[in-house]
Amino acid sequence: MSTPLKSLIDTGTKLYLDSVEPAEVDKNLAYGAVGATSNPAIISGIIAAGGRDAQIESMLAEGKTDEEIAWTLTDQLVSEAEAKFAEIHQSTNGNAGWVSFELDPLLEDPSLNLKEDDVVAKYVELGLKWSAGHTNRMIKVPATPAGLRALEPLAAAGVTLNVTLIFTDDQYRTAREAIWRGVNGKVDPARFKSVYSIFISRIDVYTSKNVSLSDKAQGLVGIVNAKRIWKENREFWADKGLPLEQELIFASTGTKDPKDPAWKYVAALAGSDIQTNPPETNAAIAESDVTFTRTVDDMPADDILSEIDAAVDTQKLHEFLMAEGVDKFVKPQRALLKLIADKRRELSPTA
């Protein structure tokens, strides 16, 4: 019997989970998920639940710093998820079964006033460090100026990349070209895989507050943007003769407007590439009676597209969402370190 999530997968979508929480990974594997991703907010949620207290206590006894504990636990949780997706990775020859590991967001903290060249070098260093020895780990790098500059050397070194925090086509294009330059002639084509995470719902939150659009166009800007980039991505890679798909990840797929169904973005982008959905979104779909059909190639009417193109200042949107995105990138890492510090006081009150 078909289920709502099976009907989504049957359209051609690869279902990924936006979490590495062990119970959620198990649940979503049963749904048909073929990959997962991680970030500091996800790691914080797992640690806050208390299930890793014994390990934290042990690391405290070893004299590890808060930062060392945070990264050790992140590495461990991502590795555990990798093990659960390893069979999928093997059976698809590396086309699925990946788990993403996010590099240190504090490299983008404006309060640290780091030099861009130093940040680029650190991204390369950390990307090599955290990818070493892992067959189905993607290294997640943000599409910031420094992150984009780090892509070519990382790709040339054979690191599998997930470029995150992409809002606009220029970011996507810069990332794609850098990775292709890096791998072309240097990396075995049979092993080359790259993904580009296009954020969707945050765009519609922005336009609802900052752009005057008709009711029929408002709430579609993120979808239109994602579909256009998806089309360009397919066209770019079509003649490269690569055995593995170079894909978009449709990210930020959780709805922000309570009037929208939980699967608004999932339904609008069904049919291709990867959707990495929050656990709540996949659970809501699983409990619904919705049936998905392929929609990723369907665009709104020409008059809606014309209205969006005339009204949306892409440069302003880019600048606002990147500033907000970097803030949302940095703060969870700060919160994770604070959580570890709190655990230190809780578990070693005499420390």
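Because the structure is a prediction, the values reported are computed rather than measured.

Cut-offs used in this document
Residues numbered from 1 in each chain as written. Predicted model: local features only at pLDDT ≥ 70, side-chain atom pairs only at ≥ 80, totals over all residues. Heavy atoms only, no water. Helix = DSSP H or I, 4+ residues; strand = E, 2+ residues; numbered from the N terminus. Expected span 1.5 Å × (residues − 1). Buried < 20%, exposed > 50% of the residue type's maximum accessible area, 1.4 Å probe, protein only. Contact = heavy atoms within 4.5 Å. 1 Å grid on protein atoms, 1.4 Å probe; cavity = no way out; pocket = protein on both sides within 12 Å on 5 of 7 lines; lining within 4 Å. Points joined across faces, edges and corners; volume = space filled by probe spheres on them. Nonpolar A, V, L, I, M, F, W, Y, C, P; charged D, E, K, R; others polar. Phe/Tyr/Trp six-rings, centres within 6.5 Å; stacked < 30°, edge-to-face > 60°. Lys NZ or Arg CZ within 6 Å of the ring centre and 35° of its normal. Axes fitted to C-alpha atoms, helices over the stretch in contact; angles between N-to-C directions. Parallel < 35°, antiparallel > 145°, perpendicular 65-115°, else oblique. Left-handed = near helix turned anticlockwise from the far one by under 90°.

Draft legend 1. Region of interest: helix α6 (residues 116-131). Helix length check: α6 (16 residues) gives 22 Å between terminal C-alpha atoms against 22 Å at 1.5 Å per residue, within 8%. Turning to α6, its buried residues number three or more, namely V119, V120, Y123, V124, L126, G127, W130 and S131. The inward-facing, buried residues of α6 abut α5 (66-91), β3 (99-102), β4 (137-142), α7 (145-156) and α14 (314-347). G133 occupies a position one or two residues after α6 and carries a positive phi of about 85 degrees.

Draft legend 2. The arrangement of the environment of E280 in detail. You can see E280 is positioned in helix α12 (residues 279-286). Among the residues examined, E280 registers a relative accessible area of 58% and is labelled exposed.

Draft legend 3. Looking closely at empty space enclosed by the protein. Summed over all chains, the structure comprises one cavity of 30 Å³ or more. One number sums up the size of the largest cavity: a volume of about 50 Å³. S38, N39, P40, I43, W71, T74, E102 and Q333 are the residues that line the largest cavity. For the lining of the largest cavity, the per-class residue count stands at three nonpolar, four polar and one charged.

Draft legend 4. Just the packing of aromatic side chains, in detail. All chains considered together, the criterion is met by ten aromatic pairs. Seen from their ring centres, W180 and W237 are 5.4 Å apart, and the 90 degrees between their planes marks the pair as edge-to-face. Taken as a pair, W180 in helix α8 (residues 169-183) and W237 in helix α10 (residues 221-237) lie far apart in primary sequence, 57 residues in all. For W180, a relative accessible area of 16% puts it in the buried group. Residues Y206 and F320 carry aromatic rings whose centres are separated by 5.1 Å and whose planes lie at 45 degrees to one another, so their mutual orientation is tilted. Highlighted residues: Y206 in helix α9 (residues 201-210) and F320 in helix α14, separated in sequence by 114 residues. Look at Y206 and you get buried, because its relative accessible area is 10%. Among the aromatic side chains, those forming a connected cluster through ring pairs are W180, F192, F236 and W237. The ring of F236 carries K240 above its face, with NZ or CZ at 4.0 Å from the centroid.

Draft legend 5. Structural context of unusual backbone geometry. Positive phi is not limited to glycine here, since S252 has a value of about 55 degrees. Relative accessible area serves as the criterion here: at 16%, S252 is assigned to the buried category. One non-glycine residue with positive phi stands out, namely D273, at about 60 degrees. Judged by relative accessible area, which is 7%, D273 ranks as buried.

Draft legend 6. Structural context of the packing of helix α2 (residues 22-31) against α12. It is the contact of α2 with α12, at a shortest axis distance of 11 Å, that shows an interaxial angle of 40 degrees. Taken together, the axis directions place α2 and α12 in an arrangement best described as oblique. The crossing of α2 and α12 is left-handed. Side by side, α2 and α12 meet where E24, N28 and Y31 of the first sit next to P279, N282, A283 and A286 of the second. Looking at the contact of α2 with α12 residue by residue, the class counts come to four nonpolar, two polar and one charged.

Draft legend 7. Quick look at the packing of α10 against helix α13 (residues 302-311). As a packed pair, α10 and α13 sit with axes 11 Å apart at the nearest point and diverge in direction by 100 degrees. In this view, α10 runs roughly perpendicular relative to α13, as classed from their interaxial angle. Two secondary-structure elements touch here, α10 through V221, V224 and R228 and α13 through L305, I308 and D309. Residues that form the contact of α10 with α13 fall into these classes: four nonpolar, no polar and two charged.

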